[in-house]
Structure formats: C-alpha cells, structure tokens
Amino acid sequence: MKNKPIIIGIESSCDDTGVSIIQDRNVLSNIIIHQEIHKKYGGVVPELASRLHDINMTKAVQDAIFYAKIKPHQIDAVSFTLGPGLIGSLLVGASFAKSFSMGLGIPLLAVNHIQAHILSHFIENSNLNNSYPEFPFLGLVISGGHTQIIKVNDVFQMEILGSTLDDSVGESLDKIARILGFYYPGGPMIEFFSKNGNDKKFIFSKPVVNGLDFSFSGFKSDVSQFIKKKLKKNTLFIKQNLSDICASVQKITAEILLEKVQKAILETGIYKIALAGGVSANYEIRRKFISFAKKNTKCEIFIPKKIYTTDNGAMIAITGLFKYKRNLFDSIHTVPYSKFKKF
Ligand code: KG4
Ligand code: ZN
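Residues numbered from 1 in each chain as written. Chains lettered and ligands numbered in written order. Predicted model: local features only at pLDDT ≥ 70, side-chain atom pairs only at ≥ 80, totals over all residues. Heavy atoms only, no water.

Asker: Quick question: what am I supposed to make of the overall build of the protein here?
Answerer: Within the protein, the secondary structure is distributed over 9 helices and 10 strands. Expressed as lengths along the three principal axes of its C-alpha atoms, the size of the protein is roughly 65 × 45 × 30 Å. With 343 residues in all, the protein has 55% of them scored as buried. When contacts within the protein are restricted to residue pairs at least 6 apart in sequence, those whose partners lie at least 24 apart make up 73%. For the protein, the separation between the mean place of its 42 positive charges and that of its 29 negative charges on side chains is 4 Å. (Helix = DSSP H or I, 4+ residues; strand = E, 2+ residues; numbered from the N terminus. Buried < 20%, exposed > 50% of the residue type's maximum accessible area, 1.4 Å probe, protein only. Contact = heavy atoms within 4.5 Å. Lys, Arg positive; Asp, Glu negative; His and termini not counted. Charge placed at Lys NZ, Arg CZ, Asp CG, Glu CD.)

Below, the structure written as structure tokens:
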C-alpha cells in the first residue's frame, strides 16, 4: 500500500457531476459540472439528472486527470458515492467507477455521501480554520437532501443525534425561493436578495420539535401561506418586499439551526462543531455560528470553504482515502442505495 496514494473521487448523487483527484489529503484537481436544466423546473428532475450525469461523466473524468497532471495508470484507487441519493444518478457514477476499477485493475471504494460531507474537513486547506477538527466533534450536515446533527467519534464512527422529520433545510429554502419566483437552487438566491433586507420585518414561527430533531415543512408552509395571503391584498407584495422576506427567512433558518446545535452542545458536552453541506455556504448561517463561537470561547466552529460545501468529488476521494488506509475495499458487486442507511 502506498504511503501517499492517488485517489479519484466520483460524486453523482444528485445533480452535480463531481470528479476530483487527490494525493493523500491534497487536491490535485476538482471538477464540478452543474446541470443547469433543473433551474426551470424548480427542483431536480431525477430522469434528466441521470441522463446528464451519463453525458458529463467522461468529460469530468478526462478534465480531472488532465488538470491533476497525471496519467490514469498512476491512480491507486477509485472512490464513488454509493448512497444516499437519486438512484438513477448514483447508478451512473457507480457503473463508471466499477468499470474504471476493472479497467485499471485498482481497488474500489464505496462511500456514504453524508459521511463524505463531514470528512471534507480533512482535505488539506478545505476549511477557513486551516486545521482539522479533533474527535469527537459535532457535524451539522445541512443540504438539499439532509439536515442532521451527527456525533463524530472517529472517521467512520458516526452517530446521528438528530435529523429532520420532514423536509431538509435546503429543500425548504428551495421551495420558498420558488414561491418568490427564483430558479432552482433557490438557497443562493435567497442569500443574494437578503443582502440589503431588514431581517426583523417579518416574524415567522419556528417549529417546535422535541430533542435534536428538526422540522422544516411547517416553517416552509407558514412562509408560503403568509406570502399568499399578502398577495391577495397586494399583487406587488413580493416585488416590494423581496429583500426583507429573504432576510427574514434566512435569519429564522439560521436561528433554528443554531438553537439545535446549542442544545446538542449542552447534551453532549462537545464544543467543536463542523458545518457541512450546500446550505453551510450561506453567509448568515456562517455569521451566526461564528458570532456564537466568539461569545462562547470554549466553542470552535469549523467552516468549509464554499467549494467544499456543495456536492464535490474531493469529499468522496478523501473518504475513499480513509477507507484505503484501513483496507476497507469494496466489491464490484456493491449496489447503490437511495435511502439513508445506518453508518
Ligand atoms: O450539498 P448540496 O450541494 O446537495 C445535497 O447533497 O443536497 O446542497 C444543495 C442545497 C440546495 O438546497 C441549495 O439551495 C443549498 O444547498 N444552498 C444554499 C446556498 N448554496 C447552496 N442555501 C443557502 N445559501 C447558500 N448560499
Ligand atoms: Zn450533498
């Protein structure tokens, strides 16, 4: 086994085709091909996503090898997302990875997508802290597919402390954004339009959920009903209040997340928090967590660089690297799964 292996990571669980090549923890290349087609549908259309992964995959792999300045035979192992995600999309990445592994005669590493979001913090220079979180820490995975607080005891020893009972936080932002007239993905649009908004103008109720679980569907319905009611009286309501609505939605979302994490800190006595997933790119969420850590000096917040928040091949490669170093190789008969399984 090589000391500093070269690993290719293939991510295709949703709508982004991500391929990255790493050598040990250093990223040599990181290619992401976005699928713009979903914009007009207000969300990811699974059938279209799989077809586009199929079209984009070879280009992403060729580019990743080119920009890494290596030859295919130098790659020591191939890592890919096994699940959870859209099954048709996962199958494209899995088939490609299996063929690649067979063609080059190199080991296959099948990776859990949520674990990979958390382990992206172990890529060299991947977070704003410029350091790796020490175990144990709490991972807050906030994305379009997931909203979870996870106790990370070690690389592959993760325990889910809380999950959403319905919509994920990203899903709720995307649905609210759609009502506001934005394209998918709506989260970044909400962030963009909230910049000059008054975040105290509209007060939306926060969901009451026991323990460390979340619920975002009630919040989303509350916001959408409020907007529909206002539109009945004034058809220009959204146009006239867009920034304030966005800022208010963003503020409450950030508060819901921070309040649960505060609760998790109290329950576990763990003060190190690593944010992960697409929604952790959000400026207001980052600001709230950073300001919380400033006031609570025991607390340390790990913030990923934006490129490592949304789906990417590098997080799949680093997770593969940890498996490689533990000899946790997978068979080419390994089958992708769409729903979350136990870690
Ligand atoms: O992690 P990700 O790329 O894919 C999943 O695994 O789901 O996350 C995508 C989600 C989308 O819901 C998108 O709206 C949200 O992340 N997102 C954001 C921002 N950037 C992406 N939400 C709020 N603010 C952002 N800046
Ligand atoms: Zn993801």
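Structure shown, so let's carry the discussion forward.
Asker: What is the right way to look at the sheet that holds strand S5 (residues 108–112) in this model?
Answerer: Neighbouring strands of a sheet are bound in pairs by backbone hydrogen bonds; such pairs are parallel or else antiparallel. Across the sheet, which stays open at both edges, the 5 strands sit in the order S3-S2-S1-S4-S5 with mixed pairing between neighbours. The open sheet terminates on both sides in strands that have one partner only, identified here as strand S3 (26–33) and S5. Pairwise comparison of adjacent strand axes, ignoring direction, gives a mean angle of 20 degrees for this sheet. Direction of pairing for strand S4 (residues 77–83) relative to S5: parallel, over a ladder of 5 bridges. By the bridge assignment, Thr-81 is partnered in S5 with Val-111. Packing of helix H1 (residues 46–68) onto the sheet brings it into contact with strand S1 (6–11), strand S2 (17–23) and S3, and relative to S3 it is tilted by some 150 degrees. Running at roughly 130 degrees to S1, helix H9 (residues 313–325) makes contact with S1, S2, S3, S4 and S5 of the sheet. (Pairing = 2+ DSSP bridges. Axes fitted to C-alpha atoms, helices over the stretch in contact; angles between N-to-C directions.)

Asker: Explain the sheet that holds strand S7 (residues 147–154) here, please?
Answerer: Spatial strand order, S8-S7-S6-S9-S10: 5 strands in an open sheet with mixed pairing. Two strands close off the open sheet at either side, each with one partner strand: strand S8 (157–163) and strand S10 (300–302). Neighbour-to-neighbour, the strand axes of this sheet turn through a mean angle of 25 degrees, independent of strand direction. Taken together, the 6 bridges between S7 and S8 define a ladder with antiparallel strand orientation. In the strand pairing of S8, Lys-151 is matched with Glu-159. Running at roughly 155 degrees to strand S6 (residues 137–142), helix H7 (residues 237–268) makes contact with S6, S7, S8 and strand S9 (272–276) of the sheet.

Asker: I'm lost on the coordination of the zinc ion (ligand 2) in this one. Help?
Answerer: Binding of the zinc ion (ligand 2) to the protein goes through His-113 (NE2), His-117 (NE2) and Asp-311 (OD), at separations of 2.0 to 2.1 Å. Viewed at the metal, the 4 donor atoms of the zinc ion (ligand 2) are separated by angles of 96 to 143 degrees, and the geometry they form is irregular. Between consecutive donors of the zinc ion (ligand 2), the numbers of intervening residues give the motif H-x3-H-x193-D. Residue His-113 is located in helix H3 (residues 113–119), and its partner Asp-311 is located in the loop between S10 and H9; the two are separated by 198 residues in the primary sequence. Overall, the relative accessible area of 13% leaves Asp-311 in the buried class. (Donors = N, O, S within 2.8 Å, 3.2 Å for Na, K, Ca; no water. Tetrahedral: all angles 85-135°; square planar, octahedral: opposite > 155°, others 65-115°.)

Asker: Before we go on, may I ask you to explain empty space enclosed by the protein in this structure?
Answerer: Rolled over the atoms, a probe with the dimensions of a water molecule shows which regions are left empty. Summed over all chains, the structure comprises 1 cavity of 30 Å³ or more. In this structure, the largest cavity occupies an estimated 30 Å³ of space. Contributions of two or more residues to the lining of the largest cavity are made by helix H5 (187–193) and H7. (1 Å grid on protein atoms, 1.4 Å probe; cavity = no way out; pocket = protein on both sides within 12 Å on 5 of 7 lines; lining within 4 Å. Points joined across faces, edges and corners; volume = space filled by probe spheres on them.)

Asker: I would appreciate a short explanation of the site of ligand 1 in the present structure.
Answerer: Every one of the 20 residues lining ligand 1 counts as a neighbour, but Gly-144, Gly-145, Asp-174, Gly-278 and Asn-282 are closest to it. Gly-144 is positioned with one of its backbone polar atoms (N or O) 2.8 Å from an oxygen atom of ligand 1. Within the backbone of Gly-170, an N or O atom sits 3.4 Å from an oxygen atom of ligand 1. Taking 560 Å² as the accessible area of ligand 1 by itself, protein coverage stands at 92%. Mapped by element, the contributors of at least two residues to the shell around ligand 1 are H3, helix H4 (169–179) and H5. For the shell around ligand 1, the class distribution of residues is 5 nonpolar, 12 polar and 3 charged. Each of domain 1 (6–122 + 308–325) and domain 2 (137–303) gives at least three residues to the shell around ligand 1. (Near = heavy atom within 4 Å. Polar contact = N/O pair within 3.5 Å; in protein donor to acceptor, adjacent residues only side chain to side chain. Areas by Shrake-Rupley, 256 points an atom, 1.4 Å probe, with all protein chains shown as cover. Nonpolar A, V, L, I, M, F, W, Y, C, P; charged D, E, K, R; others polar. Domains from an automatic or database assignment.)

Asker: Looking at this model, I keep getting lost on H1. Mind explaining?
Answerer: Residues three or four positions apart in an α-helix share a direction because the helix packs 3.6 residues into each turn. Here H1 spans 30 Å end to end across 23 residues, near enough to the 33 Å set by a 1.5 Å rise per residue. The sharpest bend along H1 comes to roughly 40 degrees, located at Asn-56. Along H1, the residues classified as buried are Ala-49, Ser-50, His-53, Asn-56, Met-57, Ala-60, Val-61, Asp-63, Ala-64, Ile-65 and Ala-68. A positive phi of about 60 degrees marks Lys-69, the residue just after H1. (Expected span 1.5 Å × (residues − 1). Bend = angle between axes of the 7 residues up to and from the residue.)

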